[in-house]
Amino acid sequence: MTSKAELENKLLLELEALENLLDRQPSSLFATHIIPGKWSTGQHIHHLLLSTKLFHKALCLPRLFLKYKFGTNNRKERTFEDLKTRYKTELSQSTVKPPKSFQPREIRDKDKEQLIAQFRKASLKLNKNFKRWKEKDLGHYILPHPLLGMLTIREMFYFTIIHMEHHRHILEKRYITG
């Protein structure tokens, strides 16, 4: 099981890797749909921002509300690698698009710095709030995920890191060169 401190560090490392990658792309291409019908770089970041903010918001809810609304965990928690494998499998077998609330708006090139700053701020707020959770509660409370079903708080944090990595790899492969 990955400790809280390790997870907090993984999130910061993934955020840094993503920011370093984005620094290599000219602002003039941030809103460009390089692959027709696919999201621009900016839309990938906006999508990550939307999902990060929602998870942060859920972490701010009273534990009693989470228990009442979603129940509690009744199974063995997945490891980081197990969840990563499951996510990749689900993505490869699914044609499901993200729910409307996670679909990004159109982005302009001039939004690059502001959007990256907003995403950084949201990620750091998530990390800070995550620190407030007790280790035992991370595997006790659950939240719904549109593709993966019910996840513990720890698993949702795993997912957040995996999700950032997934989009970073897409951007690295298809959008940003050099």
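Above this text you will find the structure in question.
Residues numbered from 1 in each chain as written. Predicted model: local features only at pLDDT ≥ 70, side-chain atom pairs only at ≥ 80, totals over all residues. Heavy atoms only, no water.

Asks: I would appreciate a short explanation of the overall build of the chain in the present structure.
Replies: On a plain count of helices and strands, the chain comes out with 7 helices and 2 strands. The order of helices and strands in the chain, counted from the N terminus, is α-α-α-α-α-α-β-β-α. Relative to its length of 178 residues, the chain is compact, with a C-alpha radius of gyration of 16 Å against a globular reference of 16 Å. Here the C-alpha coordinates of the chain stretch approximately 45 × 35 × 25 Å along the principal axes. Per-residue burial for the chain yields a buried fraction of 46% across its 178 residues. Considering only contacts in the chain between residues 6 or more positions apart, those separated by 24 or more positions represent 81%. For the chain, the computed accessible surface area is about 9800 Å², with 54% contributed by carbon and sulfur atoms. In the chain, 33 side chains carry a positive charge and 19 a negative one; their mean positions are 6 Å apart. (Helix = DSSP H or I, 4+ residues; strand = E, 2+ residues; numbered from the N terminus. Rg over C-alpha atoms; globule rule 2.2 N^0.38 Å. Buried < 20%, exposed > 50% of the residue type's maximum accessible area, 1.4 Å probe, protein only. Contact = heavy atoms within 4.5 Å. Areas by Shrake-Rupley, 256 points an atom, 1.4 Å probe, with all protein chains shown as cover. Lys, Arg positive; Asp, Glu negative; His and termini not counted. Charge placed at Lys NZ, Arg CZ, Asp CG, Glu CD.)

Asks: In this structure, what is going on with helix H5 (residues 112-131)? I would like to understand it.
Replies: Every α-helix winds through 3.6 residues per turn, so residues three or four apart in the chain are directed the same way. With 20 residues, H5 extends 29 Å from end C-alpha to end C-alpha; this agrees with the ideal 28 Å at 1.5 Å per step. Of all the positions in H5, only Lys-112, Leu-115, Ile-116, Phe-119, Ala-122, Ser-123, Leu-126, Asn-127, Asn-129 and Phe-130 are classed as buried. Looking at the buried side of H5, the elements it contacts are helix H1 (4-23), helix H2 (41-60), helix H6 (135-138) and helix H7 (153-175). (Expected span 1.5 Å × (residues − 1).)

Asks: Explain the nonpolar core here, please?
Replies: What tends to happen in soluble globular proteins is that the nonpolar side chains get buried as a cluster. Counting 42 residues, the largest nonpolar core has Leu-22, Ile-45, Phe-55, Phe-119, Ile-153, Phe-157 and Leu-171 as the members making the most contacts within it. Put simply, the parts of the chain that give this core at least two residues each are H1, H2, helix H4 (80-93), H5 and H7. For this core, the element with the most residues is H7, which contributes 11 residues. (Core = buried A, V, L, I, M, F, W, Y, C linked by side-chain atoms within 4.5 Å.)

Asks: Is there a simple way to think about the packing of H2 against H7 in this case?
Replies: The relative placement of two packed helices is expressed as an angle between their axes plus a distance between the axes. The contact between H2 and H7 brings their axes to 11 Å, and the two run at 175°. As the angle between them shows, H2 and H7 are arranged roughly antiparallel. The segment H2 lies against H7, with Thr-41, His-44, Ile-45, His-47, Leu-48, Ser-51, Thr-52, Phe-55 and Leu-59 engaging Ile-153, Met-156, Phe-157, Thr-160, His-163, Met-164, His-167, Ile-170, Leu-171 and Tyr-175. (Axes fitted to C-alpha atoms, helices over the stretch in contact; angles between N-to-C directions. Parallel < 35°, antiparallel > 145°, perpendicular 65-115°, else oblique.)

Asks: Explain the pattern of salt bridges here, please?
Replies: According to the stated counting rule, one finds 11 salt bridges in the structure shown. Put simply, Asp-111 and Arg-108 hold a salt bridge, and the shortest N to O gap is 3.0 Å. Judged by relative accessible area, which is 7%, Asp-111 ranks as buried. As a salt-bridge pair, Glu-135 and Arg-154 come within 2.7 Å of each other at their nearest N and O atoms. Within this pair, whereas Glu-135 is found in helix H6, its partner Arg-154 is found in helix H7, the two being separated by 19 residues in sequence. Residue Glu-135 is classed as partly exposed on the basis of its relative accessible area, which comes to 37%. (Salt bridge = Lys/Arg side-chain N within 4 Å of Asp/Glu carboxyl O.)

Asks: Please explain the environment of Ser-123 as it appears in this structure.
Replies: Turning to its location among the elements, Ser-123 is positioned in helix H5. When the C-alpha positions of Ser-123 and Glu-165 are compared, they lie 13 Å apart, and in sequence the two are 42 residues distant. Contacts of Ser-123, omitting those with residues within four sequence positions, involve Leu-11, Leu-15 and Thr-52.

Asks: When you look at the packing of aromatic side chains in this model, what are you seeing that I'm missing?
Replies: One pass over the structure, following the stated rule, counts 5 aromatic pairs. A ring pair is formed by Phe-130 and Phe-157, whose centres lie 3.8 Å apart and whose planes are at 15°; its orientation type is stacked. Note that Phe-130 is positioned in helix H5 and Phe-157 in helix H7, a separation of 27 residues in sequence. Accessibility assignment for this pair places Phe-130 and Phe-157 in one class, buried. A network of ring pairs unites the aromatic residues Phe-55, Phe-130 and Phe-157 as a single cluster. Looking at Arg-63, its charged tip hangs above the ring of Trp-133, at a distance of 3.5 Å from the centre. (Phe/Tyr/Trp six-rings, centres within 6.5 Å; stacked < 30°, edge-to-face > 60°. Lys NZ or Arg CZ within 6 Å of the ring centre and 35° of its normal.)

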